[in-house]
Amino acid sequence: AQFEDIPDAGLDLAQAFTPEPAGEAEPDEATIRGILAEIGKPTPDKELNCGSCGYPTCRDKAIAVYRKKAELYMCLPYMTDLAQSLSSVTLSVTPNYIVAVDRGLRVVEINLAAQKFFGVSRQKALKTELSHYMEPSDFEDVLLTGRGISNRKVKIGAATALATLVYAEAQDLVIGFFKDITEEESQREALRRARLESAELAQKVIEKQMIAAQEIASLLGETTAETKVTLNNLKAQMLHESE
């Protein structure tokens, strides 16, 4: 089938459209400041205006958040500060001892729990040799092999700890995590001693019972022999009298 040209009917179908900008709500100053405060910018001097979020200024970003055109926490400086603060809090509140050393086995970081355990401040501990505080041989092995150590029982002074050592290749550091198990070890040792004492006591009871059984058997044997002799004598006498 062939399509024939449709004759022009002389109709004008053109239509003109005039764009009308959509009205957008403008947040007031208090709202802007409240949004900025949520990402660590409570005052104008905290506004870095770095542009990493894609907006030229922090205020522009806050307005975009208000208009639901941007995510609140899409702020690189804020997320970086948050990550660093969380790391600092973790290092501060964890009960485990954390020590990081460089290839020269010098302390480059030590957390609060380790400072209290070793009785040293961070400023004093930094750049001092690890051997001042503990045996460094495990750290040396990790530096030489690049392979970490997991849950190895070690002695640190009078304490016992489970050591996990990790090699940070990018920084060429070894980070040691030590969980103090001194109390658990003391309880385990006390339980072991109690079991040994119970076993020894049971052995003594068994030995006494064996001695008593032997003595009873001996007495029964003597009594049986005497009874046999007496009965035989009585039998003989009765037979004699009968005759």
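Computed from a prediction, not measured in an experiment: that's the story for all the values here.

Draft legend 1. Broad picture of unusual backbone geometry. A positive phi angle, near 60 degrees, is found at Leu105, a position not held by glycine. Along the chain, Leu105 falls in the loop between β1 (97-101) and β2 (107-110). The phi dihedral of Asp172 falls on the positive side, at around 55 degrees, and the residue is not glycine. Turning to its location among the elements, Asp172 is positioned in the loop between β4 (159-168) and β5 (173-180).

Draft legend 2. Inspection of a nonpolar patch on the surface at higher detail. Taken together, Tyr73, Met79 and Leu82 make up a surface patch of nonpolar side chains, about 260 Å² in accessible area. The exposure class assigned to Met79 is partly exposed, which follows from its relative accessible area of 37%.

Draft legend 3. A look at the environment of Gly221. Mapped onto the secondary structure, Gly221 falls in helix α7 (residues 182-242). Separated by 29 residues in the primary sequence, Gly221 and Arg192 place their C-alpha atoms 43 Å from one another.

Draft legend 4. Examining the packing of aromatic side chains more closely. Scanning all chains against the criterion turns up 5 aromatic pairs. On the numbers, 5.0 Å between centres and 75 degrees between planes, the contact of Phe117 with Phe118 is edge-to-face. According to the relative accessible area criterion, Phe117 is partly exposed, its value standing at 30%. Geometrically, the ring pair formed by Phe139 and Phe178 is tilted, given 6.2 Å between the ring centres and 35 degrees between the ring planes. Residue Phe139 is located in helix α6 (residues 137-145), and its partner Phe178 is located in strand β5; the two are separated by 39 residues in the primary sequence.

Draft legend 5. The arrangement of the side chain of Thr128 in detail. Here Thr128 is to be found in the loop between α5 (122-125) and α6. Excluding residues within four positions of it along the chain, Thr128 makes contact with Leu105, Arg106, Val107 and Tyr133.

Draft legend 6. Region of the structure containing the sheet that holds β5. Here 5 strands make up an open sheet; going across it, the order is β2-β1-β5-β4-β3 and the pairing antiparallel. One side of each edge strand has no neighbouring strand; the edge strands of this open sheet are β2 and β3 (149-156). Each strand of the sheet is rotated relative to its neighbour by a mean of 25 degrees, with strand direction disregarded. Sheet topology places β1 next to β2; 3 bridges connect them, and they run antiparallel. Residue pairing in the sheet places Val101 in a bridge with Val107 of β2.

Parameters and conventions
- Residues numbered from 1 in each chain as written.
- Predicted model: local features only at pLDDT ≥ 70, side-chain atom pairs only at ≥ 80, totals over all residues.
- Heavy atoms only, no water.
- Helix = DSSP H or I, 4+ residues; strand = E, 2+ residues; numbered from the N terminus.
- Patch = residues over 30% accessible without salt bridge, like charges linked within 9 Å, V, L, I, M, F, W, Y side chains within 5 Å.
- Areas by Shrake-Rupley, 256 points an atom, 1.4 Å probe, with all protein chains shown as cover.
- Salt bridge = Lys/Arg side-chain N within 4 Å of Asp/Glu carboxyl O.
- Buried < 20%, exposed > 50% of the residue type's maximum accessible area, 1.4 Å probe, protein only.
- Phe/Tyr/Trp six-rings, centres within 6.5 Å; stacked < 30°, edge-to-face > 60°.
- Contact = heavy atoms within 4.5 Å.
- Pairing = 2+ DSSP bridges.
- Axes fitted to C-alpha atoms, helices over the stretch in contact; angles between N-to-C directions.

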